[in-house]
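# What the coordinates show
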Amino acid sequence: MDPVSVTVRVPAKVNVQLGVGGLRADGFHDLANVFFAVALGDEVTATAGEPGAGVTLSCTGPDADAVPLDGSNLAARAARLLAARHGLAEPDVHLHIAKAIPVAGGMAGGSADGAAALVACDALWGLGTPADTLLELAAELGSDVPFALVGGVALGRGRGEILEPLPVTGSYHWVFAVADGGLSTPAVFRECDRLREEAGTGSGDAEVATPDADPALLAALADGDAVALAAALANDLQPAALSLRPALADTLRAGTAAGALGALVSGSGPTCAFLAKDAEGAEAVAAALRASGSCRTAHATHGPVPGAAVAAGSPGIVVPGPGA
């Protein structure tokens, strides 16, 4: 008997390194993107819809009113893409998104929901789609969607969609400071290009070296060395995010002053990420940030964690990491 609904949990990400190459002719940038999945995450529940209803959406949680509930939503696009790949007609499915990942916050919340919808609909419809096909569909949806499927820690190349799993030891404790309002990822990349031109270095791929992962950062992850990881945190988009949202500098200072080992803007921002010594330290940093007035709220969490997975009590599929 087919399941009536399937719930999938999916993690947010922080980019512990985001190296950005020059602007390519196709409008994208080559990246060296070290993704790190954290326990802060969303849940997407796929439920069999009424015949003829098509794909419908609902959303609850913080910033739910900022989540589009039309065909532009990545979860809805994922459901349609999966159905089309299997030659199915317009699917009748309702997708409910329980949001915890900040919206437009640089933590890939929309991408996470797209990945979760792929897994949930695949299980709901009993398709048994191979993992490599799910990853291919995820890459069609967006650069960050494949990582949300696999989780853990991985190096993303190309636009970020070509993944290589990375060795990591231990668990790390993070704090995420959520800003008021979001930042447009394309706008942050445009500002990055503008700042490079203004600095006289050029912004094209013929002028900016192709980025690569920092060996010191990779060694810190493999060794389980939080202090060394904090020293190696890097984000080439951070100057652009600070240019567009100067108040983020106050948030970074507040978290560092509260004892964080390291701090950076997460992805394209405006969420700021802080690496703490331990769970107690993370709670202290989060409390200090909430009291500082420099952010809307702050969450302590940990990682790395696995990618999109069917919740207990729902029928499931297993999505192995790239190369598995």
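One can find the structure itself at the top, above this paragraph.
All of these numbers come straight from a predicted model, not from anything done at the bench. Throughout, residues of each chain are indexed from 1 in the direction in which the sequence is written. Per-residue local features are limited, in this predicted model, to residues with pLDDT of at least 70; the limit for side-chain atom pairs, both in listing and counting, is 80 or more; totals at the level of whole chains, interfaces and linings are taken over all residues. Water and hydrogen atoms play no part in the side-chain values, which are based on all heavy atoms of the structure.

### Description of the side chain of Arg245
Quick note on the threshold: Each helix is a run of DSSP H or I of at least 4 residues and each strand a run of E of at least 2, with the numbering of both proceeding from the N terminus. A simple rule labels every residue: compare its accessible area, found with a 1.4 Å probe on the protein chains alone, to the largest value its type can have, and call it buried under 20%, exposed over 50%, or partly exposed in between. Positive charges are assigned to Lys and Arg, negative charges to Asp and Glu, while His and the chain termini are left out of the count. The rule for a salt bridge is simple: a side-chain nitrogen of Lys or Arg has to be within 4 Å of a carboxyl oxygen of Asp or Glu. In this description, contact between two residues means that some pair of their heavy atoms is separated by no more than 4.5 Å.
Looking at where Arg245 falls in the secondary structure, it is placed in the loop between helix H8 (238-244) and helix H9 (248-257). The buried charged residue Arg245 lacks any salt bridge, with Asp180 as its nearest oppositely charged partner at 7.5 Å. The contact partners of Arg245, leaving out residues within four places of it in the chain, are Ala179, Asp180, Gly181, Gly182, Leu183 and Pro270.

### A word on helix H1 (residues 74-85)
Basically, it comes down to this: In a helix, the anticipated span is given by 1.5 Å times the number of residues less one. Polar contacts, as counted here, are pairs of nitrogen or oxygen atoms within 3.5 Å of one another; within protein the pair requires one atom able to donate a hydrogen and one able to accept it, and residues that are adjacent in sequence qualify only if both atoms are side-chain atoms.
With twelve residues, H1 should reach 16 Å at 1.5 Å per residue; the first-to-last C-alpha distance of 16 Å fits that figure. If you check which residues of H1 are buried, you get Leu74, Ala75, Ala76, Ala78, Ala79, Leu82 and Ala83. Packed against the buried residues of H1 are strand S3 (55-60), strand S4 (93-98), helix H2 (109-124), helix H3 (131-141) and helix H4 (145-150). Measuring from the backbone nitrogen of Ala75 back to the side-chain oxygen at the start of H1 gives 2.8 Å, which picks out Asn73 as the cap. Gly87 sits one or two residues past H1 and shows a positive phi near 70°.

### Things to note about the side chain of Asn33
Topologically, Asn33 is positioned in strand S2 (residues 29-48). For Asn33, a relative accessible area of 3% gives the class buried. Within the structure, the side chain of Asn33 is placed 2.3 Å from the side chain of Asn15, a separation counted as a polar contact. Filtering out sequence-adjacent residues up to four positions away, Asn33 remains in contact with Asn15, Gln17, Leu18, Asp144, Ala154, Leu155 and Gly156.

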